[in-house]
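Inside the fold
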Amino acid sequence: MKFLFSALLFLCILQATFAQNKQFTRQDTLRGSITPERAWWDLVYYDLDVQIFPEKKSLTGSNTVTYKVLQPKQRLQIDLQGPMHLLSATQHGKKLQITSEGSAHFISLQAKQPIGSLQKIKLLFDGQPVIANNPPWDGGWTWKKDSLGKPFIANANQGIGASVWWPNKDHPYDEVDSLDVKATVPQELMAVSNGRLVDSISAKAGTMTYHWTVKNPINNYGVNINIADYAHFSDSYNGEKGKLDLDFYVLKQNLAKAKKQFEQVPDMLEAFEYWMGSYPFYADGYKLVEVPYLGMEHQSSVTYGNKYANGYLGRDLSGSGWGHKFDYIIIHESAHEWFANNITNKDVADMWIQEGFTTYAENLFVDYHFGKKASSEYVLGQRKLVRNDKPIIGIYGVNQEGSSDMYFKGANILNSLRYIVNDDERWREILRGIGSTFYHQTVTSATIENYISEQTGIDLQAFFDQYLRTTKIPKLEYTLAANAVRFRYTNSVAGFNAPVDVKINGKMLRIVPSEKWAELSLKRKINAFEIDPNFYIETYKSSNAVHQSTHY
Ligand SMILES: [Zn+2]
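Residues numbered from 1 in each chain as written. Predicted model: local features only at pLDDT ≥ 70, side-chain atom pairs only at ≥ 80, totals over all residues. Heavy atoms only, no water.

Our focus in this paragraph is the confidence of the model for the protein. Across the protein, pLDDT averages 94, with 95% of residues at or above 70. Low confidence marks residues 5–18, where pLDDT is under 50. Its contacts with residues over four positions away, or in another chain, come to 13 contacts. Under a pLDDT of 50 for its full length, residues 545–552 has, in the predicted model, 12 contacts with residues more than four places off or in other chains. (pLDDT = per-residue confidence, 0-100. Contact = heavy atoms within 4.5 Å.)

Set out below in structure tokens:
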């Protein structure tokens with residue numbers, strides 16, 4: 001998630017402009033880079049135990065971090081943003097010294113630890129976390145009431161980071177292999193987190209503790225706790241890896257609407273397993289959880305607030321009509337289970353891996369259920385929303401995402417690739433291959449780019465550089481003579497030579513333009529000439545005069 005389409009889009013434009021001139025600080029480096037105090041240890045497991053106080057809008061808890069020692073170092077970085085407090089760090093029964101620098105807390109261990117050993121450190125924390133005024137775009141906690149006046153509480157923290165409310169290693173390159181969340185809430189409420197419910201017990205008077213467990217690697221920002229007077233219903237889906245448990249937690253007053261709207265879940269799973277491979281978290285099940293904001297891709301706990309209507313809050317962003325055929329939040333946020341949760345960017349500069357592929361997945365859903373022509377109309381409709389304000393890839397090492405074009409331009413880049421590959425079965429194998437080759441891993445854009453180049457047998461370096469690292473859209477300049485078409489690319493990076501399909505006199509032909517003029521001669525006179533719009537280029541028919549002065 002994180003794309004916002006409303007009046008607030010203007011705010012995003014302002015923020016984007018500001019970000020281009022942003023002066024990065026040491027805090028940005030501490031947050032966004034693999035510091036020496038992070039690099040020497042590998043996350044294994046978080047045991048997060050937190051009590052939530054709705055009246056005070058506050059939390060208190062502990063996170064016990066299990067890590068594996070990669071190098072013998074003694075200083076360890078943990079992140080927790082103010083106004084939350086890191087109260088203590090304890091190892092082997094001893095309290096350790098903490099030196100804080102803004103949101104980064106450097107913990108001095110008592111001794112260097114053996115390489116390969118597993119170690120535990122227990123972190124106590126409390127405080128009133130940042131309140132999200134407009135979640136999920138500005139992250140933090142949301143303390144709302146439902147229509148019956150009962151507390152309706154959630155957190156969403158993509159961007160701002162999980163360290164806005166709990167202490168952890170807040171950099172996406174490293175993920176725990178598993179996680180437990182124990183959430184204690186007033187007894188009249190229920191807490192729903194990631195993975196499966198182990199048990200719910202009343203350890204303290206007037207409270208209930210809900211213990212959830214995740215058996216797969218999980219990114220920090222995917223960890224969430226949602227609190228309400230929930231109704232629960234369940235189902236199952238027979239998928240590629242057998243029986244997948246589906247669980248749904250919704251406000252009691254919305255139960256009937258949810259049972260109807262969530263019938264889209266099996267349709268979603270069928271389309272996505274076909275195109276992208278098996279659902280990546282069978283062990284943890286799949287959940288949709290109603291929240292007081294639009295939605296977010298929380299792993300195996302996809303959050304939902306799209307008002308039980310199709311479209312994006314009732315609108316079809318593509319303008320093609322196809323966006324009214326499905327619930328945008330169910331489809332988009334669930335697609336993130338494949339791209340964002342199964343495969344996660346190592347640095348948020350490469351977040352197009354999450355948002356580009358996921359936005360592209362929307363048209364795979366359309367393709368599966370409504371056909372290839374419909375999917376093309378959908379993705380081409382999204383192209384109108386591309387701004388080309390700055391590159392899709394952001395700035396590495398300082399927690400800086402690229403342009404929000406990662407969504408719609410990202411989808412159009414992948415649609416172009418599908419048409420370049422020109423073999424849908426091969427393209428499907430590539431998409432599924434990404435999911436299986438990098439299963440449960442964090443990756444860079446370069447890794448995914450190289451994989452696609454290898455699998456297609458086409459060197460796509462210039463292609464990816466053009467679309468991800470510049471804002472320039474290649475322009476196909478062409479001239480038509482009686483029985484020849486001459487063409488070249490302008491506005492392109494060196495070596496850009498993506499093929500394009502053109503229809504001449506009703507017959508589809510493939511041309512491979514480059515920055516040099518080339519000519520395709522035909523035996524017959526050209527009566528009709530069309531360029532397939534699925535290739536993401538601009539076109540320009542130049543006059544003969546211009547052509548003669550510039551070519552050869
Ligand atoms: Zn998204």
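Still more ground to cover, so stick around.
Attention shifts here to the sheet that holds strand E24 (residues 484–490). The strand order across the open sheet formed by 4 strands is E27-E24-E23-E29, and the pairing between neighbours is mixed. The open sheet has two free edges, formed respectively by strand E27 (518–521) and strand E29 (538–541), since each of these has just one partner strand. The average angle at which neighbouring strand axes cross in this sheet is 25°, direction not considered. (Pairing = 2+ DSSP bridges. Helix = DSSP H or I, 4+ residues; strand = E, 2+ residues; numbered from the N terminus. Axes fitted to C-alpha atoms, helices over the stretch in contact; angles between N-to-C directions.)

The next subject is the packing of aromatic side chains. Going through the model one piece at a time under the given rule, you end up with 40 aromatic pairs. Plain terms: the ring middles of phenylalanine 463 and phenylalanine 464 are 5.5 Å apart, the flat faces sit at 85° to each other, and that makes the pair edge-to-face. Each member of the pair, phenylalanine 463 together with phenylalanine 464, is buried. Judged by centre distance (6.3 Å) and plane angle (10°), the ring pair of phenylalanine 463 and phenylalanine 496 falls under stacked. A residue pair is termed long-range when its members are at least 10 positions apart, and phenylalanine 463 in helix H12 (residues 461–469) and phenylalanine 496 in the loop between E24 and strand E25 (500–504) qualify at 33 residues. For the pair phenylalanine 463 and phenylalanine 496, a shared accessibility class is recorded, and that class is buried. A connected cluster of aromatic rings, assembled from ring pairs, spans Phe272, Tyr279, Phe281, Tyr282, Tyr286, Phe326, Trp338, Phe365 and Tyr378. Over the aromatic face of phenylalanine 233 sits the side chain of lysine 259, whose NZ or CZ is 5.6 Å from the ring centroid. Over the ring of tyrosine 540 we find lysine 475, and its NZ or CZ is 5.9 Å from the ring centre. (Phe/Tyr/Trp six-rings, centres within 6.5 Å; stacked < 30°, edge-to-face > 60°. Buried < 20%, exposed > 50% of the residue type's maximum accessible area, 1.4 Å probe, protein only. Lys NZ or Arg CZ within 6 Å of the ring centre and 35° of its normal.)

With that settled, the discussion passes to the environment of serine 376. Within the secondary structure, serine 376 sits in helix H8 (residues 372–383). Serine 376 gets classed as buried once you look at its relative accessible area, which sits at 10%. Along the chain, serine 376 and proline 533 lie 157 residues apart, while their C-alpha atoms are 9.0 Å from each other. Setting aside residues up to four positions removed in sequence, serine 376 forms contacts with Tyr419 and Asn534.

The next point concerns H8. Its 12 residues place the ends of H8 17 Å apart at the C-alpha level, agreeing with the 16 Å of an ideal helix rising 1.5 Å per residue. Inspection of H8 places Ala374, Ser375, Ser376, Tyr378, Val379, Gly381, Gln382 and Arg383 among the buried residues, and these make up the whole buried set. On its buried face, H8 is in contact with helix H6 (328–335), helix H7 (352–370) and helix H9 (408–421). (Expected span 1.5 Å × (residues − 1).)

Attention shifts here to the sheet that holds strand E17 (residues 242–251). The strand order across the open sheet formed by 5 strands is E16-E17-E18-E20-E19, and the pairing between neighbours is mixed. Across the chains shown, the open sheet's two edge strands, defined by having one partner strand only, are strand E16 (230–239) and strand E19 (295–296). Summarising the sheet, E17 and strand E18 (residues 286–290) pair through 4 bridges and their orientation is parallel. Pairing of phenylalanine 248 across the sheet is with leucine 288, part of E18. Most of the contacts of helix H5 (residues 264–276) go to E16, to which it runs at about 35°, and overall it touches E16, E17 and E18. Here H6 sits on the sheet and contacts E18, E19 and strand E20 (302–304); the angle it forms with E20, its principal contact strand, is near 160°.

Turning our attention to the packing of H5 against H6. Closest axis-to-axis distance for the H5/H6 pair is 10 Å, and the angle between their directions is 35°. Of the two possible hands of crossing, H5 and H6 adopt the one that is right-handed. Residue-level contacts link Gln264, Val265, Met268, Phe272 and Met276 of H5 to Ile330, Ile331, Ser334 and Ala335 of H6. Within the contact of H5 with H6, the residues separate by chemical class into 7 nonpolar, 2 polar and no charged. (Left-handed = near helix turned anticlockwise from the far one by under 90°. Nonpolar A, V, L, I, M, F, W, Y, C, P; charged D, E, K, R; others polar.)

This next bit is on the nonpolar core. Ranked by size, the top nonpolar core spans 96 residues in total, and within it Phe262, Val265, Phe272, Tyr286, Trp352, Ile434 and Phe463 carry the most contacts. For isoleucine 434, the residues in contact, after removing those within four places along its chain, are Phe339, Ile343, Phe357, Ile448, Tyr451 and Ile452. With 53 residues, the next largest nonpolar core counts Ile121, Ala162, Ala191 and Val192 among its residues. (Core = buried A, V, L, I, M, F, W, Y, C linked by side-chain atoms within 4.5 Å.)

Here we take up the pairing of strand E4 (residues 85–91). Direction of pairing for E4 relative to strand E8 (residues 118–127): antiparallel, over a ladder of 5 bridges. Note on E8: the bridge partner recorded for leucine 86 is phenylalanine 125. Where E4 and strand E5 (residues 94–95) come together, 2 bridges link them in antiparallel fashion. Bridging from a neighbouring strand, glutamine 91 pairs with lysine 94 of E5. Following E4, the chain reverses through 2 residues before pairing antiparallel with E5; histidine 92 in that reversal takes a positive phi of roughly 50°.

Attention shifts here to the pairing of strand E13 (residues 196–201). Taken together, the 5 bridges between E13 and strand E14 (residues 207–214) define a ladder with antiparallel strand orientation. Note that in E14 the partner of isoleucine 201 across the bridge is threonine 209. Linking two consecutive strands that pair antiparallel, namely E13 and E14, is a turn of 5 residues; a positive phi of about 80° is found at glycine 206 within it.

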